[in-house]
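Report on the structure
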Amino acid sequence: MTPVKTLRTPASLAVAGLVAPDRLAALERIATQYAVAITPSMADLMDPADPDDPIARQFVPSDAEMELRPEESADPVGDFAHSPVEGVVHRYRDRCLLKLNHACAVYCRFCFRREMVGPEGLRPLSPAALDAAMAYIAERPHIWEVIVTGGDPFILSPRRLRDVMRRLSQIDHVKVVRFHTRVPAVEPETVTDELVAALQAPGKAVYVALHANHARELTPAARAACARIVDAGIPMLGQTVLLAGVNDDPETLTALMRALVETRIKPYYLHHADLAPGTSHLRTSIEQGQGLMRAMRGAVSGLCQPTYILDIPGGHGKVPVGPGYLAEGCVEDPAGRRHVYPPRSSADKSA
């Protein structure tokens, strides 16, 4: 039975048939540390009879989350080290994050900000903190792009989003505003025409980056929500986290990338999973990720190829870690054959 409201406790997951009642004590311990929220749209996609369901694996708490590794960190990408004022993360010179809130429509079990989000996480920006964040951006003419994230900014009201865009529109050197969200897939009914209109501002190029990890997330309702955004003239990008047991095989990853492109969303990043606490059961190796990218190269349209990226722990930035095709004066084609490059001339060959 599909729940009529968001599931926020292990007990509600048991009532919905998503977890066994005998797991409740263990899951309650996890829920006190890491937030739980599963929207009806996502709960409806889960198959309780499948212990390896890829949608459930992303959102339903697991006992494995209590297993911590020494390399894991509460702030694996170094947000705090690069936060000059509350709500701003400024890691790269020409762009910064603006984190308006720290709540989400759903809580992913692999979230790299899992220590910061949820009911027990950081508070939303107060009016004074938002003023300070906007002042920081306005005083730095080299900031060309502002990435509005959180939490998930799409859970905010159109009025709040419209106010943020109004304020950013008054900062001339900010030319691009990008929103990062899961909402069009996990709570598509909230992507109304009013919300889409609130994202737009004169003189600003606006982009929406959708986080989706499995093709099943792109339901007809999700595709319709994305169409409302794209049809309003806002381009969409796709962000995916490589997750063990969710999308770590060529067929599943290809199906997702094709589904994104069919929805008019350009795959942008395939993130190697970050070293967040209690997430080792969901991480793959970089070598596995490189193998997946190699399998898609040549076999799948270039429109479907994201950049495989690693966010270096400690806040040192993102770098591409996809497979290389150049080595020792040769280039490797998608079939694995090596070719001399540059090609030798006829004279060289006869010498």
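Residues numbered from 1 in each chain as written. Predicted model: local features only at pLDDT ≥ 70, side-chain atom pairs only at ≥ 80, totals over all residues. Heavy atoms only, no water.

Space left empty within the atom packing is revealed by a probe, the size of a water molecule, rolled over the atoms. Put simply, the largest pocket is a space of about 870 Å³. F112, R113, T149, H180 and Q239 are, among the 37 residues lining the largest pocket, the residues nearest its centre. Put simply, the parts of the chain that give the lining of the largest pocket at least two residues each are β1 (88-92), β2 (95-99), β3 (145-149), β4 (176-181), β6 (236-242) and β7 (265-272). Here the element with the most residues in the lining of the largest pocket is β7; it accounts for 4 residues. Partitioning the lining of the largest pocket into residue classes produces 18 nonpolar, 9 polar and 10 charged. Around the second largest pocket, the lining comprises 18 residues; the ones closest to its centre are R23, P51, A56, R57 and V60. (1 Å grid on protein atoms, 1.4 Å probe; cavity = no way out; pocket = protein on both sides within 12 Å on 5 of 7 lines; lining within 4 Å. Points joined across faces, edges and corners; volume = space filled by probe spheres on them. Helix = DSSP H or I, 4+ residues; strand = E, 2+ residues; numbered from the N terminus. Nonpolar A, V, L, I, M, F, W, Y, C, P; charged D, E, K, R; others polar.)

Turning next to empty space enclosed by the protein. Within this structure, the stated rule accounts for 1 cavity of 30 Å³ or more. Its volume calculated, the largest cavity comes out at about 40 Å³. What lines the largest cavity is Y34, A35, Y107, C108, R109, C111, R114 and V117. Here the lining of the largest cavity is composed, by residue class, of 6 nonpolar, no polar and 2 charged.

Before going further, it helps to spend a moment on the pairing of β6. The buried count for β6 comes to 7 of 7 residues, which makes it a mostly enclosed element. Residues M236, G238, T240 and L242 point to one face of β6 and L237, Q239 and V241 to the other, with burial holding for every one of them. Where strand β5 (residues 205-211) and β6 come together, 4 bridges link them in parallel fashion. Paired with L210 across the two strands is G238, which belongs to β6. Two strands pair when backbone bridges link them, and β6 and β7 are joined in this way by 7 bridges, in the parallel orientation. Of the residues in β7, the one forming a bridge with L237 is K266. Read as a crossover between parallel neighbours, the route from β6 over helix α10 (residues 250-262) to β7 is right-handed. (Buried < 20%, exposed > 50% of the residue type's maximum accessible area, 1.4 Å probe, protein only. Pairing = 2+ DSSP bridges. Right-handed = clockwise from strand over helix to strand, strands pointing away.)

Taken together, 9 strands build an open sheet; the order of strands is β1-β2-β3-β4-β5-β6-β7-β8-β9 and the sheet is mixed. The sheet terminates laterally at β1 and β9 (317-320), the two strands that pair on one side only. On average, each strand axis in the sheet is tilted by 25° relative to the strand beside it, whichever way the strands run. Along the sheet, helix α9 (residues 220-231) contacts β5, β6 and β7; its crossing angle with β6, the most-contacted strand, is approximately 140°. (Axes fitted to C-alpha atoms, helices over the stretch in contact; angles between N-to-C directions. Contact = heavy atoms within 4.5 Å.)

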